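# Structural overview for review
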Amino acid sequence: MNRSQSDSSLKSEDADDNFNFTDLNITLAEIEQEDIKLPFKSLEDVAAYIKVKKPKNVVFLVGAGISTAAGIPDFRSPNTGLYSNLQKFKLSCPEDIFDIRFFKRNPVPFFQLAKTIFLVDVRPTFTHYFMKLLVDKGHVRRIYSQNIDTLEYAAGINDEVIVTAHGSHRTSTCLKCRATYTQEYMENHLRHSSELIPKCTACRGVIKPDIVFFGENLPERFYDLHLQDLGDADLLFIMGTSLQVHPVAGLIEVVRSDVPRILFNLEPSGQPFLAYNSKYNKRDFFHKGTTDESCRKLAELLGWLPEIEAMMKPKQEGKDEDTKKD
Ligand code: OAD
């Protein structure tokens, strides 16, 4: 564990000498525009940037790692990731399960998996609420999520702010006649139908959740918005993604060359395009750890922890109630 994760005194050896981070409420108020230096060296520097520069066009680029704390596996983590646990489907390549050409020939493995991953009762994580608070405070331009779990919506983030770049299972479509079906319809099918494959009530075509499979285009909304959003971005947060799938991974290169890029992830990713380990680094910052830990620490530094905890409380109480009923 690196120092900024484990040290609760809020002191940072890396922080600029001008700052006294032992009392951030005072210090953040005192920091001037000219004190902000890139690249960031600590979460304290990130907090100072947000407090002083008051960015209005923050873009989040998030992946499966922001939802693992909710109980949803990511894809590529060794042992726990979905792609390490598909042996029973006997696929020649794990990605086949989300490949449209494969699905059209054989939708069985996908729906067997969907029965287990779509129906888990999941709730947004601290990271989702951290993003919601930044949205509520007027800092955020857009959230580009590769996740299909709809937890951004569940956290109460306005639809307008979200781009589900890999689609979601909020809706489903018949591959033959393009009739659309609701999330409730698909969930009901997966829970209760004796047939595995959902078939269109009008034409008996296969109904597929509107998740973007390999070999399919991303939603139009992604293409309509991403150049303008990333071009206008004044801070890029990249969280919980291996940055291995394009075109989303390429978004990190669309932001202007002076825009700070922050990576919160369990492991390094995005290199060499993110230059946090390079001696030529001018604006990239990697903070290793879970996104929940990193967002919590940053929220604490910004004095926002009570607001996030208040947002999470009703949900937590709901969860406690659910547990009592069980
Ligand atoms: P990956 O599984 O490729 O990467 C998840 C990243 O999050 C890894 O680098 C993990 O180390 C990290 N991680 C896991 N848990 C974390 C946590 N609690 N805190 C911080 N980091 C954590 O998932 P994505 O990058 O989202 O697409 O994958 C991109 C796309 O590949 C997915 O949308 C999906 C997949 O194939 C399609 O199916 C079309």
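Residues numbered from 1 in each chain as written. Predicted model: local features only at pLDDT ≥ 70, side-chain atom pairs only at ≥ 80, totals over all residues. Heavy atoms only, no water.

The name an unreviewed UniProt entry assigns to the protein chain is NAD-dependent protein deacetylase, from the organism Panagrolaimus sp. JU765.

## Considerations on the packing of helix H3 (residues 43–53) against helix H10 (residues 291–302)
Relative orientation of the contacting elements H3 and H10 amounts to 55°, with a least axis distance of 9 Å. By the angle class used here, H3 and H10 are oblique. Read as a crossing pair, H3 and H10 show a hand that is right-handed. Residue-level inspection shows Leu-43, Glu-44, Val-46, Ala-47, Ile-50 and Lys-51 of H3 in contact with H10, the latter providing Ser-294, Lys-297, Leu-298, Leu-301 and Leu-302. The residue inventory of the contact of H3 with H10, partitioned by class, reads seven nonpolar, one polar and three charged. (Axes fitted to C-alpha atoms, helices over the stretch in contact; angles between N-to-C directions. Helix = DSSP H or I, 4+ residues; strand = E, 2+ residues; numbered from the N terminus. Parallel < 35°, antiparallel > 145°, perpendicular 65-115°, else oblique. Left-handed = near helix turned anticlockwise from the far one by under 90°. Contact = heavy atoms within 4.5 Å. Nonpolar A, V, L, I, M, F, W, Y, C, P; charged D, E, K, R; others polar.)

## Section: the packing of helix H6 (residues 126–136) against H10
Look at H6 against H10: their axes get within 8 Å of each other, and the N-to-C directions meet at 40°. On the basis of their axis angle, the class for H6 and H10 is oblique. Here the hand of the crossing between H6 and H10 comes out left-handed. Along the contact surface, H6 presents Phe-126, Thr-127 and Phe-130, while H10 presents Thr-291, Asp-292, Cys-295, Arg-296, Leu-298 and Ala-299. Residue classes in the contact of H6 with H10 are distributed as five nonpolar, two polar and two charged.

## Let's talk about the site of the ligand
Looking at the ligand, there are 24 residues lining it, with Arg-76, Tyr-83, His-166, Thr-241 and Ser-242 nearest. The backbone of Gly-65 places a nitrogen or oxygen atom 3.3 Å from a nitrogen atom of the ligand. Backbone polar atom of Thr-291 to a nitrogen atom of the ligand: 2.9 Å apart, as the coordinates give it. Broken down by class, the residue content of the shell around the ligand amounts to eight nonpolar, 13 polar and three charged. (Near = heavy atom within 4 Å. Polar contact = N/O pair within 3.5 Å; in protein donor to acceptor, adjacent residues only side chain to side chain.)

## What to know about the pattern of salt bridges
For the structure shown, the criterion picks out 15 salt bridges. Residues Glu-309 and Arg-296 are paired through a salt bridge, measuring 3.1 Å at the closest nitrogen-oxygen approach. Placement of Glu-309 in helix H11 (residues 305–325) and of Arg-296 in helix H10 is noted, with a sequence separation of 13 residues between them. Here Arg-296 falls in the partly exposed class, since its relative accessible area comes to 34%. Beyond isolated ion pairs, a larger network of salt bridges with shared partners links Arg-141, Arg-142, Glu-160, Arg-221, Asp-229 and Asp-232. (Salt bridge = Lys/Arg side-chain N within 4 Å of Asp/Glu carboxyl O. Buried < 20%, exposed > 50% of the residue type's maximum accessible area, 1.4 Å probe, protein only.)

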